[in-house]
Amino acid sequence: MGGFVLGAGLTGAAVAAGYQCMAPRGQWYGRTFTGLQPESKQMALTYDDGPNDPHTFRLLEVLAKHDVKATFFLIGRFVRQRPDIARDLVRAGHVVGNHTFSHPNLIFATAKRTRAELTTCEHALSDAVGEHSRLFRPPFGGRRPNTLRIARGLGLEPVMWSVTGGDWKGKPAEFVERKVGQHVRGGDVILLHDGSHAAFGADRSQSVIATDHLIARYRSEGYKFLTVQEMMEKRAVSSQLSALS
Ligand SMILES: [Zn+2]
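J.: With reference to specific residues and values, describe the coordination of the zinc ion.
T.: Each angle at a metal carrying four tetrahedral donors should ideally be 109.5 degrees, and each at a metal carrying six octahedral donors should ideally be 90 or 180 degrees. Bound to the zinc ion on the protein side are Asp49 (OD), His99 (NE2) and His103 (NE2), at distances that span 2.0 to 2.1 Å. The sequence pattern formed by the donor residues of the zinc ion is D-x49-H-x3-H. One end of the pair, Asp49, is in strand β1 (residues 42-50); the other, His99, is in the loop between β3 (95-98) and α7 (111-129), and 50 residues separate them in sequence.

Listed below in structure tokens is the structure:
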């Protein structure tokens, strides 16, 4: 709790700088954020492949109903298509991050292509919403050390996940809820989807229903819902405190 209060007193930039300073350089190469320590009764809901219509809007309604803030990794070309949805996400207090411009698997991309995918998505986000997070999630989770080095060179912080709902398979909400429930340990970053990289307008109604049920379930079990940014700030503060002690 002391760490939380300290975190609240720092500016986001100071915390972010602290986070970077505290990370031993040797761990930077290939390291990605995947959540907090287990048993922490915290959870970050993350949504990839949007913005999407109408399912991003449905999801916004569900998250607002529960007063939960989530993290959205947006595809740049969909942001160009519908910047209004990206703005609605930010206006509602959610965090938006970079999921590349056209969703290639970066394992197979040249350095030049990787850089172009990241920067064109950044520009799409900046044009749509202005200031936004430095978070980046590689499509399909695919990355090589060079991918992460390029991302960090552009000031981006790679984020993966610890639990996936498997909701891109078109399975019913119960499947997604069960799959998440099997793997939650506390401190998790949950991967879900409000869109599909294959096409704008994909049906994500089951992800929306699953979200509604998952929030109700885990809140009743005492969980708190954080954005990925808030989770990273918590970890930064706890690192600083342990360095001081
Ligand atoms: Zn994706």
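J.: I'd like to hear about the packing of α7 against helix α8 (residues 145-153), residue by residue, with values.
T.: Here α7 crosses α8 at 45 degrees, and the two axes come no closer than 10 Å. Between α7 and α8, the angle is such that the two are oblique. Crossing geometry of α7 relative to α8 is assigned as right-handed. Note on element contacts: α8 touches α7 through Asn146, Thr147, Ile150 and Ala151, opposite Ala111, Thr114, Arg115 and Leu118. Of the residues belonging to the contact of α7 with α8, the class tally is 4 nonpolar, 3 polar and 1 charged.

J.: A description of the packing of helix α9 (residues 173-183) against helix α10 (residues 205-220) should follow, citing residues and the corresponding values.
T.: Interaxial distance between α9 and α10 falls to 8 Å at its minimum, and their mutual angle equals 45 degrees. Relative to α10, α9 is oriented oblique. Where α9 crosses over α10, the handedness of that crossing is right-handed. Where α9 abuts α10, its residues Ala173, Val176, Glu177, Val180 and Gly181 lie against Gln206, Ile209, Ala210, His213, Leu214, Arg217 and Tyr218.

J.: Please give an account of the pattern of salt bridges that cites residues and values.
T.: Opposite charge on two side chains permits them to pair, given that their charged atoms come into close proximity. Per the stated rule, a full pass over the model turns up 12 salt bridges. With a shortest N-O distance of 3.2 Å, Arg134 and Glu122 are connected by a salt bridge. Taken as a pair, Arg134 in the loop between α7 and β4 (135-136) and Glu122 in helix α7 lie far apart in primary sequence, 12 residues in all. Two residues, Arg217 and Glu221, come together in a salt bridge whose shortest N-O distance is 3.1 Å. For Glu221, a relative accessible area of 34% puts it in the partly exposed group. Taken together, the salt bridges that share partners define one network made up of Asp53, Arg82 and Asp84.

J.: Please set out the packing of aromatic side chains residue by residue, giving values where relevant.
T.: In this structure the tally under the stated criterion is 3 aromatic pairs. An angle of 70 degrees between the planes, with centres 5.5 Å apart, marks the rings of Phe78 and Phe200 as edge-to-face. Residue Phe78 is located in helix α5 (residues 76-81), and its partner Phe200 is located in the loop between β7 (188-193) and α10; the two are separated by 122 residues in the primary sequence. For Phe78, a relative accessible area of 1% gives the class buried. Here the aromatic rings of Tyr218 and Tyr223 are separated by 5.2 Å at their centres, their planes lie at 80 degrees, and the arrangement is edge-to-face. As far as burial versus exposure is concerned, Tyr218 and Tyr223 are alike and both buried. The side chain of Lys171 reaches across the aromatic face of Phe175, ending 4.3 Å from its centre.

Procedures and definitions
Residues numbered from 1 in each chain as written. Predicted model: local features only at pLDDT ≥ 70, side-chain atom pairs only at ≥ 80, totals over all residues. Heavy atoms only, no water. Donors = N, O, S within 2.8 Å, 3.2 Å for Na, K, Ca; no water. Helix = DSSP H or I, 4+ residues; strand = E, 2+ residues; numbered from the N terminus. Axes fitted to C-alpha atoms, helices over the stretch in contact; angles between N-to-C directions. Parallel < 35°, antiparallel > 145°, perpendicular 65-115°, else oblique. Left-handed = near helix turned anticlockwise from the far one by under 90°. Contact = heavy atoms within 4.5 Å. Nonpolar A, V, L, I, M, F, W, Y, C, P; charged D, E, K, R; others polar. Salt bridge = Lys/Arg side-chain N within 4 Å of Asp/Glu carboxyl O. Buried < 20%, exposed > 50% of the residue type's maximum accessible area, 1.4 Å probe, protein only. Phe/Tyr/Trp six-rings, centres within 6.5 Å; stacked < 30°, edge-to-face > 60°. Lys NZ or Arg CZ within 6 Å of the ring centre and 35° of its normal.

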